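# Chain and residue survey
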Amino acid sequence: MGGSALLTVVLAGAILWISAIHAGDEDDGKLLCTCENIKGTCMNGTCRGDICFYSWWQDKEERGCFSEYVFKEQCLTKIPHLFIHCCRENHCNALTTPPPNINGDSTTMPPEFPRPELWITVSLLLFIVTAAACGLALFLRFQRGRCRLKNAEDHDVTMLKVPNGDDPTYGDIFDEFCTSGSGTGLPYLVQRTMARQISLVECVGKGRYGEVWRGTWMGESVAVKIFSSRDEQSWFRETEIYNTVQLRHDNILGFIASDMTSKNSSTQLWLVTHFHELGSLYDFLQYSSLEPESCLKMCLSVACGLVHLHTEIVSSQEKPAIAHRDLKSRNILVKRNGQCCIADLGLAVIHSQSHDYLDVGNNPRVGTKRYMAPEVLDETIRMDVFESYKQTDIWALGLVFWEITRRTNVNGIVEEYRPPFFDLVPSDPSFEEMKKVVCVDQQRPSLHNRLHSHPILSAIVKIMKECWYQSPPARLTALRVRKTLSKLDQESDFSSEKLKQDV
Ligand code: ADE
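Note that the structure is predicted; figures quoted are calculated from it, not measured. (Residues numbered from 1 in each chain as written. Predicted model: local features only at pLDDT ≥ 70, side-chain atom pairs only at ≥ 80, totals over all residues. Heavy atoms only, no water.)

## What to know about the pairing of strand E10 (residues 266-274)
Pairing geometry for strand E8 (residues 220-227) and E10, over 6 bridges, is antiparallel. Paired with Val-224 across the two strands is Val-272, which belongs to E10. By the bridge criterion, 8 bridges tie strand E9 (residues 255-263) to E10 in an arrangement that is antiparallel. Looking at E10, one finds that Phe-255 is bridged to Thr-273. From the end of E9 to the start of E10, which pair antiparallel, there are 2 residues, and Asn-264 there has a positive phi angle of about 45°. (Pairing = 2+ DSSP bridges. Helix = DSSP H or I, 4+ residues; strand = E, 2+ residues; numbered from the N terminus.)

## Considering the site of the ligand
Around the ligand lies a shell formed by Val-212, Ala-223, Leu-253, Thr-273, His-274, Phe-275, His-276 and Leu-333. One nitrogen or oxygen atom from the main chain of His-274 is found 2.9 Å from a nitrogen atom belonging to the ligand. With respect to the ligand, the backbone of His-276 contributes an N or O atom lying 2.9 Å from a nitrogen atom. In isolation the ligand offers 260 Å² of accessible surface; the protein chains occlude 84% of this area. For the shell around the ligand, a count of residues per class yields 5 nonpolar, 3 polar and no charged. (Near = heavy atom within 4 Å. Polar contact = N/O pair within 3.5 Å; in protein donor to acceptor, adjacent residues only side chain to side chain. Areas by Shrake-Rupley, 256 points an atom, 1.4 Å probe, with all protein chains shown as cover. Nonpolar A, V, L, I, M, F, W, Y, C, P; charged D, E, K, R; others polar.)

## Details of the environment of Val-410
Within the secondary structure, Val-410 sits in the loop between helix H11 (386-406) and helix H12 (431-440). Beyond its immediate sequence surroundings of up to four residues, Val-410 is in contact with Arg-450, Ser-453, His-454 and Leu-457. (Contact = heavy atoms within 4.5 Å.)

## Considering the pattern of salt bridges
Enumeration over the complete set of coordinates arrives at 24 salt bridges. Put simply, Arg-237 and Glu-240 hold a salt bridge, and the shortest N to O gap is 3.2 Å. Here the residue Arg-237 and the residue Glu-240 both occupy positions in helix H7 (residues 232-244), the gap between them amounting to 3 residues, near one helical turn. Overall, Glu-240 belongs to the partly exposed group, its relative accessible area being 36%. Residue Arg-365 is joined to Asp-344 by a salt bridge in which the shortest nitrogen-to-oxygen separation is 2.9 Å. Placement of the pair is Arg-365 in the loop between strand E15 (357-359) and helix H10 (374-377) and Asp-344 in the loop between strand E13 (340-342) and strand E14 (349-352), with a sequence separation of 21 residues. Arg-365 gets classed as buried once you look at its relative accessible area, which sits at 18%. The exposure class of Asp-344 is buried, given its relative accessible area of 8%. (Salt bridge = Lys/Arg side-chain N within 4 Å of Asp/Glu carboxyl O. Buried < 20%, exposed > 50% of the residue type's maximum accessible area, 1.4 Å probe, protein only.)

## Remarks on the state of the cysteines
Structurally, a disulfide amounts to a covalent bond that connects the sulfur atoms of two cysteines. Applying the stated criterion across every chain, the model contains 3 disulfides. Put simply, Cys-33 and Cys-52 are joined by a disulfide, and their sulfur atoms are 2.0 Å apart. An S-S torsion of about -80° defines the bridge between Cys-33 and Cys-52 as left-handed. Highlighted residues: Cys-33 in strand E1 (residues 31-34) and Cys-52 in strand E3 (residues 51-57), separated in sequence by 19 residues. Cys-52 gets classed as buried once you look at its relative accessible area, which sits at 0%. Disulfide partner of Cys-87: Cys-92, at an S-S distance of 2.0 Å. (Disulfide = S-S within 2.5 Å.)

## Considerations on helix H13 (residues 455-467)
The terminal C-alpha atoms of H13 lie 19 Å apart, and with 13 residues this matches the ideal 18 Å at 1.5 Å per residue to within 8%. Here H13 has its buried residues at Ile-456, Leu-457, Ala-459, Ile-460, Val-461, Ile-463, Met-464, Glu-466 and Cys-467. (Expected span 1.5 Å × (residues − 1).)

## Some points on the environment of Arg-63
Note on placement: Arg-63 falls in strand E4 (residues 60-66). By relative accessible area, which is 6% here, Arg-63 ends up buried. Between the alpha carbons of Arg-63 and Cys-86 there is a distance of 9.8 Å; along the sequence they are 23 residues apart. Not counting residues within four places of it along the chain, the set of residues in contact with Arg-63 comprises Thr-34, Cys-35, Glu-36, Ile-38, Phe-53, Tyr-54, Asn-93, Ala-94, Leu-95 and Thr-96. Among the polar contacts made by the side chain of Arg-63, one reaches the main-chain carbonyl oxygen of Asn-93 at a distance of 2.8 Å.

Written out as structure tokens, the structure reads:
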């Protein structure tokens, strides 16, 4: 009797010990990590994740959890001035501090401690049972805890950089990251820290989507899009795409950071991008007219951006194909060099032929009715086929070209700015009103006679018409549009050079 009581006590002690070691492992195999200065995912100073982290950047410390899928970006990235420590034991981030001598190269060492598997647990149990001593077990546990901490200090913690006194510009941070990281975006910690150092200066746009502000970060202007709470899916989608796809391109709006904060119990969603003082193409066309050569360069730049989005790249700089699904002049920004860049990837669909997937997302938002292609309006679009989405972008591209060409001066004539179908539907048209015009009556935007008399504009007119075929597969591809415009641009550069020489 005495023997079985002893055995029961021993077993209970062992079970308690093991469950203490594995606290937090029960159902989902997640770790418990210490949380500090992190909002959202923490409860009582603790979060659950696959990896615990400690970060230090510009005197700011954070502790929290990462999921496994961000391990590479978050833990293996070298960023100037950032110290990051990732580890894989319960609360292994609790006691980490930045090393006293912050200098040397940045390296983030992935701790590869395997977590105890079931067989280890079982052998420990057997070991304890045979040892038959609760006290010994508790003593061993104490020892093991100390060893783990020592290991963490010896192996997990790795130094990054020394602040050399100068504040980094975001260009510096990108340069460092783009040459050493995955090339998609900054690690989330850096994004969040940067976003929280932005001062909002002036509101430059407001709509159903939320607001756009000009802000400053370390003296540089940045654009901050603050999403309305009903459009949070667009923030998630755009954040996901910018963080997972290599999208650095002159004609795609440059991404800086995404941030989610909680303010008076409501969630604030920010997307921080490059700031373009000329604003959207829609704004620009209200007060500016163009010469045919600048019209061509502008159209070509939009086509270049769209080709980059639509093209899957299978080399080391891998990139899936992306269809925009809400291309319009309000979602295009004008740069100081006269080129444009495409913004708003909140509705985009992603496709990879090589990895065999089509990801249409789960955004309840739909595209802008005025720019919807006939097959969207009559609901015959094949939503399971990626090509369909590219073809709807081409329809909208033709409409954007039409808006630009109206504002282009030929023989001293330019038209007022008007949105597509301005003469056929009211403002904020309904789906049915658009469908009647585009599908039933098969109307197309009218083209002013002056456009036919200019070699550049008549070529753009031809492209527009070929973007507006009722049958989606008959439309041009973005690549074909880009090639045609590119050729036209070279010819026009050549003839203007020749003209200069002849004079
Ligand atoms: N409006 C919307 N996005 C903008 C940006 N990135 N820069 C300037 N104005 C904008």
